[in-house]
Amino acid sequence: MEELISELVDNMKGILINIRRDIHSFPEIGWTEFRTSSLIADFLSEMGFEVKVGREIIVPESRMGVPDEKTIQEAKERALSFGANSYWIEKMEDGLTGVVGIWDTGRIGPTLAFRYDIDALEISEDRGSNHIPWNQNFRSKVEGYMHACGHDGHIAIGLGMAQLISKMNEKLSGKIKLIFQPAEEGARGAGAMVDAGVLEDVNYFFSGHIGVTATKQNQLVCSVTDFFASTKFDLELEGVQAHAALAPHEGRNALLAASTITLQLYAISRHGLGDSRINVGVIQGGEGRNIIPAHAKLKFETRGTTNEVDQYMKNETLRIIQSVAQLYGIKEHTEVVGRSIIADCDSDLANLVYGIGSKVKQTSEIVLSQPFLASEDVTYMMKEVQKNGGMATYILFGTELAAGHHNCAFDFNEKSIAYAVEVYGNLLVHLAG
């Protein structure tokens, strides 16, 4: 069976690379992945999957960090101009993006789910001479947006699995779900799909990532430890404008308050029960060089190796914001726009991945487990499956990286796409064959 899967995957390599490059050229950020989801839905439909989108798979009220109406409308129009299928976009309403493809073999067996994240980042892509997407003409066509984390590769892996499943139906039993999740960046999307019941009947759950801490080509990491819990914040500060020379005493300096908050956030004491992180990624403010600035914005995040440590960081963050706002006599509005929790991989499933992965000829190195050292809202899905009696694991597919994740020069070795499909395909046949 391994040889058949290898042959089928080998025959689709070119298609998968073309899919990845097309998605890379048209990046879309969380809750605006209209073209991306439309392409996925079209492909799954052509393969014979039952396709679910919109309210069938997402609870609107459970979403976090949803862009404003203007941003969503502009994204819809851009998607249509880039060839998106309006049939699917209408079903996605005001950003209910994401897709679930369901394959029911009609034979008794387990339900397997494979999850893939689909959103891009707000990064302007590199134009350097060594950047392959630039040299080979699939650099982002949307300035300020970029697939800088490998989610375009994840989509290609998922659609490769769809093609493999359609070709191997007679050898399978049970039900397979391919879950294409929006808004992973900022930890905003998984919970809304969990609340819609997408994971309720799943016995075996797999997700994973290209690269991260697996940087050897075709290295297979069967499970991870050290997911960070994380909370994402947007903060708006409102002070009072005044003439900077004539009446500075009449002003209330929101930008100064933002700067003080930034410094004090980085000064939060560490916690004795786990590692923590803090990062202020955006600070904006002010109206002019001779005006006491009345408005400022911050975008920042906390992280912790346990849910309790992240809660401590969140509590300290809110205390600092409120104290500084009072100190400077300004108003503050703090909004939590994303959140992730920790989760554990099931060791029995990780051991199964180890046994199956070791038989895949392309595997260069296999590791049972290693630290992830980042946040992923897939943990909500893993917890949901485990709560219902199923098993879950998160796999790393090793790849050579041109630059680190969330870097404008990020790129990965496209051989990793076919390799991941082959590993997943062998797991599928073992569990549902």
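This section reports on the structure supplied with the text. (Residues numbered from 1 in each chain as written. Predicted model: local features only at pLDDT ≥ 70, side-chain atom pairs only at ≥ 80, totals over all residues. Heavy atoms only, no water.)

1. Here's the deal with the overall build of the protein
Helices and strands together make up the secondary structure of the protein, namely 13 helices and 18 strands. Since a compact globule built from 433 residues should have a radius of gyration of about 22 Å, the 23 Å found for the protein is in line with a globular shape. Taking the principal axes of the C-alpha coordinates as reference, the protein spans close to 80 × 50 × 45 Å. Here the protein holds 433 residues, and 56% of them are scored as buried. Across the protein, contacts joining residues at least 24 apart in sequence account for 84% of those joining residues at least 6 apart. (Helix = DSSP H or I, 4+ residues; strand = E, 2+ residues; numbered from the N terminus. Rg over C-alpha atoms; globule rule 2.2 N^0.38 Å. Buried < 20%, exposed > 50% of the residue type's maximum accessible area, 1.4 Å probe, protein only. Contact = heavy atoms within 4.5 Å.)

2. Overview of unusual backbone geometry
A positive phi is found at Glu 93, a non-glycine position, where the angle reads about 50°. With respect to the element layout, Glu 93 can be found in the loop between helix 5 (86-91) and strand 2 (99-104). Look at Glu 93 and you get partly exposed, because its relative accessible area is 30%.

3. A closer look at the sheet that holds strand 13 (residues 331-340)
With antiparallel pairing, the 4 strands of this open sheet are ordered in space as 10-12-8-13. Each of the sheet's edge strands pairs with one partner strand only, and the pair in question is strand 10 (276-285) and strand 13. Ignoring strand direction, the axes of neighbouring strands in this sheet form an average angle of 15°. Inspection of the sheet shows strand 8 (residues 229-238) paired to strand 13 by 9 bridges, in the antiparallel sense. Counted as the bridge partner of Lys 232 is Gly 338 from strand 13. With respect to the sheet, helix 10 (residues 307-328) is in contact with strand 8, strand 10, strand 12 (295-304) and strand 13, its orientation differing from that of strand 12 by roughly 160°. (Pairing = 2+ DSSP bridges. Axes fitted to C-alpha atoms, helices over the stretch in contact; angles between N-to-C directions.)

4. Things to note about the packing of helix 2 (residues 13-25) against helix 7 (residues 151-167)
To describe two helices that pack against each other, one gives the angle between their axes and the distance between the axes. Running from N to C, helix 2 and helix 7 point in directions that differ by 140°, and their axes come no closer than 8 Å. The angle between helix 2 and helix 7 places the two elements in the oblique class. Considering only the axes of helix 2 and helix 7, their crossing is right-handed. For the pair helix 2 and helix 7, contact is made by Ile 15, Leu 16, Ile 19, Arg 20, Ile 23 and His 24 and by Asp 152, Gly 153, Ile 155, Ala 156, Leu 159, Gly 160 and Gln 163, respectively. (Parallel < 35°, antiparallel > 145°, perpendicular 65-115°, else oblique. Left-handed = near helix turned anticlockwise from the far one by under 90°.)

5. Quick notes on helix 3 (residues 34-47)
Its 14 residues place the ends of helix 3 20 Å apart at the C-alpha level, agreeing with the 20 Å of an ideal helix rising 1.5 Å per residue. The complete set of buried residues in helix 3 reads Phe 34, Arg 35, Thr 36, Ser 37, Ser 38, Ile 40, Ala 41, Phe 43 and Leu 44. Of the residues trailing helix 3, Gly 48 is marked for its positive phi of about 100°. (Expected span 1.5 Å × (residues − 1).)

6. Describing the nonpolar core
As a rule of thumb, nonpolar side chains are buried together in soluble globular proteins. One finds Leu 44, Phe 114, Met 161, Leu 178 and Tyr 424 to be the most contacted residues of the largest nonpolar core, which totals 72 residues. When residues in this core are grouped by element, the largest group, 12 residues, is from helix 13 (residues 415-432). When neighbours within four sequence positions are excluded, Met 161 is seen to be in contact with Phe 114, Tyr 116, Leu 178, Val 421, Tyr 424, Gly 425 and Leu 428. Within the second largest apolar cluster, 32 residues are counted, among which are Trp 31, Val 100, Ile 102 and Val 198. (Core = buried A, V, L, I, M, F, W, Y, C linked by side-chain atoms within 4.5 Å.)

7. Regarding the packing of aromatic side chains
Inspection of the entire model under this criterion finds 14 aromatic pairs. Summarising the aromatic geometry, the rings of Phe 227 and Tyr 394 are spaced 5.5 Å apart at their centres and angled 75° between planes, so their arrangement reads as edge-to-face. Here Phe 227 is found in strand 7 (residues 224-227), whereas its partner Tyr 394 is found in strand 16 (residues 391-397), with 167 residues between them in sequence. Tyr 394 shares its class with Phe 227; the two are buried. Cluster of aromatic residues (ring-pair linked, three or more members): Phe 114, Tyr 116, Phe 180, Phe 206, Phe 397, Tyr 419 and Tyr 424. Seen from the ring of Phe 26, Lys 141 lies directly overhead, with NZ or CZ sitting 5.5 Å from the centre. (Phe/Tyr/Trp six-rings, centres within 6.5 Å; stacked < 30°, edge-to-face > 60°. Lys NZ or Arg CZ within 6 Å of the ring centre and 35° of its normal.)

8. Quick look at the side chain of Arg 20
By the element assignment, Arg 20 lies in helix 2. With a relative accessible area of 0%, Arg 20 lands in the buried category. Of the polar contacts made by the side chain of Arg 20, one reaches the side chain of Asp 411; its length is 2.9 Å. Excluding anything up to four places from it in sequence, Arg 20 contacts Phe 138, Asp 152, Gly 153, Ala 156, Asp 411, Phe 412, Glu 414 and Ile 417. (Polar contact = N/O pair within 3.5 Å; in protein donor to acceptor, adjacent residues only side chain to side chain.)

9. Points about helix 4 (residues 69-81)
Compared with an ideal rise of 1.5 Å per residue, which puts 13 residues at 18 Å, helix 4 spans 18 Å between its outermost C-alpha atoms and is within 8% of the ideal. The set of residues buried in helix 4 consists of Ile 72, Ala 75, Lys 76 and Ala 79. Angularly, the buried residues of helix 4 cover 100° about the axis, an arc narrow enough to put them on a single face. What points out from helix 4, more than 90 degrees from its buried face, is the exposed set Lys 70 and Ser 81. Packed against the buried residues of helix 4 are helix 3 and helix 5. Looking one or two places after helix 4, you find Gly 83, whose phi comes out positive at around 95°. (Arc of directions from axis to C-beta.)

10. A look at the pattern of salt bridges
By the definition in use, this model includes 24 salt bridges. Its salt-bridge partner being Arg 319, residue Glu 316 comes within 2.9 Å of it at the nearest N-O pair. On the criterion of helical spacing, the pair formed by Glu 316 and Arg 319 is a turn pair, its members being 3 residues apart in helix 10. For Glu 384, the salt bridge is made with Lys 387, and the minimal N-O distance between the two is 3.3 Å. (Salt bridge = Lys/Arg side-chain N within 4 Å of Asp/Glu carboxyl O.)

11. Observations regarding the packing of helix 3 against helix 7
Running from amino to carboxyl end, helix 3 crosses helix 7 at an angle of 10°, the nearest separation of the two axes being 9 Å. Relative to helix 7, the element helix 3 is oriented roughly parallel. Every residue of helix 7 that contacts helix 3 at Thr 36, Leu 39, Ile 40, Phe 43, Leu 44 and Met 47 is listed here: Ile 155, Leu 159, Ala 162, Gln 163 and Ser 166. Looking at side-chain class alone, the contact of helix 3 with helix 7 contains 8 nonpolar, 3 polar and no charged residues. (Nonpolar A, V, L, I, M, F, W, Y, C, P; charged D, E, K, R; others polar.)

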